[in-house]
Amino acid sequence: MGAYIACFIASLALLKFSEHIKRGQRYFFIIVALSIPCFLASFRADTIGTDVNVYLVPMYNSAKNSQSFFEYLSHGWFHIYKYNYVRDYEILFTCLVYITTKVFHSIVAVKFLIQALIIAPIYIAWKRYFSHVSLCVVFLTYFCMFYNQSFNLMRQYIAIAFLILGIVGYWKNENIKTYVIYQVIAILFHSSAIIGIVVFLICKYLRVVESSKLNQDNVKRRVITASLLGIVALIGFEIFGQVLNIFGLGRYLGYVSSGLTFMPNQIIIRLPIILLCIITWNKTDLFKNNNWFGIEMLIYTLIFSQLAGSSTFGARIVVYFAFYQIFLIAELYSKNHNLYVGFGNIILGVNKILILGYLMFYWWYFFSFLQMDATVPYLLG
């Protein structure tokens, strides 16, 4: 546990320091700051993150022992009553493991690059579209809510990181070419990223509605309508499972099958952020212009989080919606958003304290107390 805390503090301190120096000098500190969590990920034991031994170590050994890329693709290993083959995994991830192994001859380098390919798109998205909020808060949110899970869902997190670049690019600038490129890259890292098409359609719907200049009452109806559509989609997720079969993605049926189980803890754990959104409803510009997308993603996170009790992998779908909270929370934290006009810094201080306390509790509760993704305690490899 101490290794994570030291890593987070060191990285965030450098990011905070970089905000107070000249622009030309800050990139060195940002690179060092963002390299720290990559090094922590790279030197972890193979038991830290359940999927490391499921496929990363076998793929690394296959790449190390192969004389050619095609031989590498044909390698297999026995896991839970069946053989897995390198060729069964997405091509960009298999290429990443193969090339990194052949160049550096070290699984440490492979783990480092995997984390770097998650962190770099987050930084680029912030740089292009969210530079008005604190980079320090963006990565504090990532560290507390997603970093440990990325030790386990490695392929999926790379896909999500690239997907967020494409979705946010369209959300902010309606750049559909950029979205298509990143959507394809995401799918080639993890085919479940096809869910990104659903996120894109939600984003497109919001852009159309916003361009019609609806009044506040219509905006509220839009949120209610979007929420109802999400509930209907949740109920019909078993039908979606059949669609996965049609597209040759039957191995992901475990994400959506086995019915639904009401999970109130998934709602309770997000109550502080929900309350902040409600309090700031008419007090800030958070809900004006095209900022509604972050709120919609929070709503869909609450809805699809009910899949957490439906199957072994149901909760993994939620990450495709929840990941946008790294920017929503940074917006809520931003100095430009006062909770109540007239109370000034006192109320703003409460806002920050609530967010910081929430993030620290979230990390402790899920990753330390509940031992999610088998990442605590940290062990060196």
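Only a predicted model underlies this, so the values are computations on that prediction, with no experimental measurement involved.

Procedures and definitions
Residues numbered from 1 in each chain as written. Predicted model: local features only at pLDDT ≥ 70, side-chain atom pairs only at ≥ 80, totals over all residues. Heavy atoms only, no water. pLDDT = per-residue confidence, 0-100. Contact = heavy atoms within 4.5 Å. Pairing = 2+ DSSP bridges. Helix = DSSP H or I, 4+ residues; strand = E, 2+ residues; numbered from the N terminus. Patch = residues over 30% accessible without salt bridge, like charges linked within 9 Å, V, L, I, M, F, W, Y side chains within 5 Å. Areas by Shrake-Rupley, 256 points an atom, 1.4 Å probe, with all protein chains shown as cover. Salt bridge = Lys/Arg side-chain N within 4 Å of Asp/Glu carboxyl O. Phe/Tyr/Trp six-rings, centres within 6.5 Å; stacked < 30°, edge-to-face > 60°. Buried < 20%, exposed > 50% of the residue type's maximum accessible area, 1.4 Å probe, protein only. Expected span 1.5 Å × (residues − 1). Bend = angle between axes of the 7 residues up to and from the residue.

Per-chain confidence: the protein chain averages 81 in pLDDT, with 75% of residues scoring 70 or above. Under a pLDDT of 50 for its full length, residues 336–346 has, in the predicted model, 20 contacts with residues more than four places off or in other chains.

One ladder, built from 4 bridges, connects strand 1 (residues 76–79) with strand 2 (residues 82–85); its direction is antiparallel. Within strand 2, the position partnered with tryptophan 77 by the bridge is asparagine 84. Hairpin connection of strand 1 to strand 2: 2 residues between the antiparallel strands, including isoleucine 80 at a positive phi of 50 degrees.

So, on to unusual backbone geometry. A cis amide bond links valine 376 to the next residue, proline 377, at an omega of 5 degrees. Relative to the elements of secondary structure, proline 377 occurs in the segment after helix 18 (345–369). Of note, alanine 374 is a non-glycine position whose phi angle comes to about 55 degrees, a positive value. With respect to the helices and strands, the residue alanine 374 is situated in the segment after helix 18.

A separate point is a nonpolar patch on the surface. A contiguous nonpolar surface patch, about 680 Å² in accessible area, is contributed by Met1, Ile5, Ile9, Phe361, Trp364, Phe369 and Leu370. Counting residues per element, the ones that place at least two in the nonpolar patch are helix 1 (2–18) and helix 18. With 3 residues, helix 18 is the largest single contributor of residues to the nonpolar patch. Inspection of the secondary structure puts leucine 370 in the segment after helix 18.

This next bit is on the packing of aromatic side chains. In this structure the tally under the stated criterion is 46 aromatic pairs. Ring geometry for tyrosine 142 and phenylalanine 143: centres 5.9 Å apart, planes at 50 degrees, overall tilted. When sorted by exposure, tyrosine 142 lands in the same class as phenylalanine 143, which is buried. Grouping aromatic residues by their ring pairs yields a cluster made of Tyr4, Phe8, Phe139, Tyr142, Phe143, Phe146, Tyr147, Phe151, Tyr157, Phe323, Trp363 and Tyr378.

For helix 2 (residues 23–42), spanning 20 residues, the distance from its first C-alpha to its last is 29 Å, which sits close to the expected 28 Å at 1.5 Å a residue. Of all the bends in helix 2, the greatest reaches close to 25 degrees and is centred on isoleucine 36; the proline proline 37 follows between one and four positions later.

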